Amino acid sequence: MGLALVYTDEYRRLDFGPGHPMRGDRYERAMAVFREKGLLGEGKVTIESPRPASFEELTSFHTTEYVKRVQALSKIGSGSITPDTPIFPGIYEAGAISVGGSIKAMELVLDGAYPAAGNLCGGWHHAFAETGRGFCIFNDIAIIVTLMLQRGVGRVMVLDIDAHHGDGTQRAFYRRNDVLTVSFHQDPRTLYPFASGFVDEAGEGDGLGYNFNVPMPPDAKDADFIYAFDALVPALLESYRPDVLVLQMGVDGHCSGIVSHLSYSLKSYDHASRVLAELLRGTHTKLIFLGGGGFVHPTLGLGWGVQIANFAGIPSDIDVEADARNCGNRHEPLALVKRTVDALLPRVEGLQRK
Ligand SMILES: [Zn+2]
């Protein structure tokens, strides 16, 4: 069966220009790291090609007005959706092929071709239905979850380990109990998106109890992330038993990062993916993984690479321990992190009883 990675050279079209962290070469550079570290090739990770998402697929989640606006701005080629998300010529096509990659990954797992599939040029968790924002043109996570529910998938869990709160995804499914949204991120009092991502955002209406935020202090290290992840994620996965787990695997919380103050090493990403791979083995739950943030090379390829290697069950030549020493760690998680977990645990137990 193995694992599929959806990729095309066309991803390089998604480029916000010089001076912007989100550049078009990040996918090919990550692929070069995968090649160097022995992840690609026969019997390992299989590469599959995407097609662009259609207008109908984009509007399954986004408003028609917004998608038409991006089409029009794409031809003009200048201006911005929000100040951090500038328009460039062909932005519609770049956004559509990126979302198409996530749709392809979804089709590959739903059709039974692979138990796990992913798209590096995906995980655009900040986009709202009516506007792109935070480097995100279209919210591919919300789109594929919507399409999966339309196709009859019963329960989806979205797990987001990017440095930033998955606010667009939270908002999309805040009133639903067939989508469990869980986000680990830097405390939004100290980082974009600032307005959301707090512990007390638990969902509303039918969705009450189906949204979990795990804000981490800005100086969080491996000990903090691993403590919180292990305390919450296995219990959430085992009690919710989703048909599909969508992972936003952003690595912008790495200590080399330029867009957050988190100080994780590759060990955090290695640990999380190992635990997930172990928990999913032998269950019916399919895995879709989406790239998310990460803007420093070669950390991006290494951070995505350790996770993909664990999902594929193949060894890689990535030296996690050396990276952990470089980033620094502490023996104990911070008291603040323990308090955050303690505040969330009763809600995890509540979900288990449902
Ligand atoms: Zn991010």
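As shown above, the structure is provided for reference.
On a predicted model such as this, the values are computed, not experimentally measured, just so you know.

About the cut-offs
Residues numbered from 1 in each chain as written. Predicted model: local features only at pLDDT ≥ 70, side-chain atom pairs only at ≥ 80, totals over all residues. Helix = DSSP H or I, 4+ residues; strand = E, 2+ residues; numbered from the N terminus. Rg over C-alpha atoms; globule rule 2.2 N^0.38 Å. Buried ≥ 20, exposed ≤ 12 C-beta atoms within 10 Å, placed from the backbone. Contact = placed C-beta atoms within 7 Å. Axes fitted to C-alpha atoms, helices over the stretch in contact; angles between N-to-C directions. Parallel < 35°, antiparallel > 145°, perpendicular 65-115°, else oblique. Left-handed = near helix turned anticlockwise from the far one by under 90°. Nonpolar A, V, L, I, M, F, W, Y, C, P; charged D, E, K, R; others polar. Pairing = 2+ DSSP bridges. Core = buried A, V, L, I, M, F, W, Y, C linked by C-beta atoms within 7 Å. Right-handed = clockwise from strand over helix to strand, strands pointing away.

Undergrad: What is the right way to look at the overall build of the protein chain in this model?
TA: Of the regular secondary structure elements, the protein chain holds eleven helices and ten strands. Whereas a compact globule of 354 residues would reach a radius of gyration of roughly 20 Å, the protein chain reaches 19 Å, a difference of no more than 12%. Referenced to the eigenvectors of the C-alpha coordinate spread, the extents of the protein chain come out at roughly 55 × 50 × 40 Å. Buried residues in the protein chain amount to 54% of all 354 residues. Once local pairs closer than 6 in sequence are excluded, the contacts in the protein chain between residues at least 24 apart make up 76%.

Undergrad: Would you mind showing me how to read the packing of helix α8 (residues 266–280) against helix α9 (residues 299–312) here?
TA: Between two packed helices, the angle of one axis relative to the other and the distance separating the axes together describe the packing. Running from N to C, α8 and α9 cross one another at 20°; their axes reach a closest spacing of 8 Å. When the axes of α8 and α9 are compared, the pair comes out roughly parallel. Relative to α9, the crossing made by α8 is right-handed. Contacts between α8 and α9 involve Leu266, Tyr269, Asp270, Ser273, Arg274 and Ala277 from the first element and Leu302, Gly303, Val306, Gln307, Asn310 and Phe311 from the second. Grouping the constituent residues of the contact of α8 with α9 by class yields six nonpolar, four polar and two charged.

Undergrad: Please explain the sheet that holds strand β1 (residues 3–6) as it appears in this structure.
TA: Whether parallel or antiparallel, the strands of a sheet pair through hydrogen bonds between backbone atoms. The strand order across the open sheet formed by eight strands is β2-β1-β5-β10-β9-β6-β7-β8, and the pairing between neighbours is parallel. The open sheet has two edge strands, β2 (45–48) and β8 (211–216), and neither has a second partner. Adjacent strand axes in the sheet meet at a mean angle of 15°, parallel and antiparallel pairs treated alike. Where β1 lies against strand β5 (residues 116–119), four bridges are found, and the strand directions are parallel. Looking at the pairing, leucine 3 lines up with alanine 116 of β5.

Undergrad: What's the story with the nonpolar core in this structure? I'm lost.
TA: In a soluble, globular protein the nonpolar side chains are often hidden away together inside. Ranked by internal contacts, the top residues of the largest apolar core, which has 108 residues, are Val109, Ala117, Val145, Met157, Val158, Val246 and Ile288. The residues touching alanine 117, leaving out its near neighbours within four places in the chain, are Leu3, Ala4, Val6, Ala105, Leu108, Val109 and Ile288.

Undergrad: In this structure, what is going on with the environment of glycine 79? I would like to understand it.
TA: Mapped onto the secondary structure, glycine 79 falls in the loop between α3 (64–76) and β3 (80–82). Look past the residues within four positions of glycine 79 in its chain and what remains in contact with it is Leu73 and Ile87.

Undergrad: Can you walk me through unusual backbone geometry in this structure?
TA: Glycine aside, the phi torsion of most residues is negative, and most peptide linkages are trans. Here the amide bond leading from tyrosine 192 into proline 193 is cis, since omega sits at 10°, within 30 degrees of zero. When you line up the elements, proline 193 lands in the loop between β7 (179–186) and β8. Omega for the peptide link from histidine 297 to proline 298 comes to 5°, which places this bond in the cis form. Note on placement: proline 298 falls in the loop between β10 (286–290) and α9. Positive phi, normally seen in glycine, also occurs at phenylalanine 135, with a value near 75°. With respect to the helices, strands and loops of the structure, phenylalanine 135 is situated in the loop between β5 and α5 (140–150). The phi angle at arginine 241 is positive, at roughly 45°, despite the residue not being glycine. Its place among the elements puts arginine 241 in the loop between α7 (222–240) and β9 (244–248). A tally of 12 C-beta atoms within 10 Å means that arginine 241 is categorised as exposed.

Undergrad: Sorry if this is basic, but what is going on with the pairing of β7 here?
TA: The two faces of the sheet receive side chains in turn, since in a regular strand these alternate between them. In terms of burial, β7 is largely enclosed, as eight of its eight residues are buried. The pairing of strand β6 (residues 156–160) with β7 spans five bridges and is classified as parallel. Residue pairing for β7: methionine 157 is matched across the bridge by leucine 180. As for the winding sense of the linkage, the β-α-β connection from β6 through helix α6 (residues 167–172) to β7 is right-handed. Here β7 runs beside β8; their pairing, made up of six bridges, is parallel. Considered in β8, the bridge of glutamine 186 is made with methionine 216.

Undergrad: Looking at this model, I keep getting lost on the packing of α3 against helix α4 (residues 91–110). Mind explaining?
TA: With their axes 7 Å apart at the nearest point, α3 and α4 run at an angle of 130° to one another. Considering the angle they form, α3 stands oblique to α4. Contacts between α3 and α4 involve Val70, Gln71, Leu73 and Ser74 from the former and Ile91, Tyr92, Glu93 and Gly95 from the latter. Classifying every residue of the contact of α3 with α4 gives four nonpolar, three polar and one charged.

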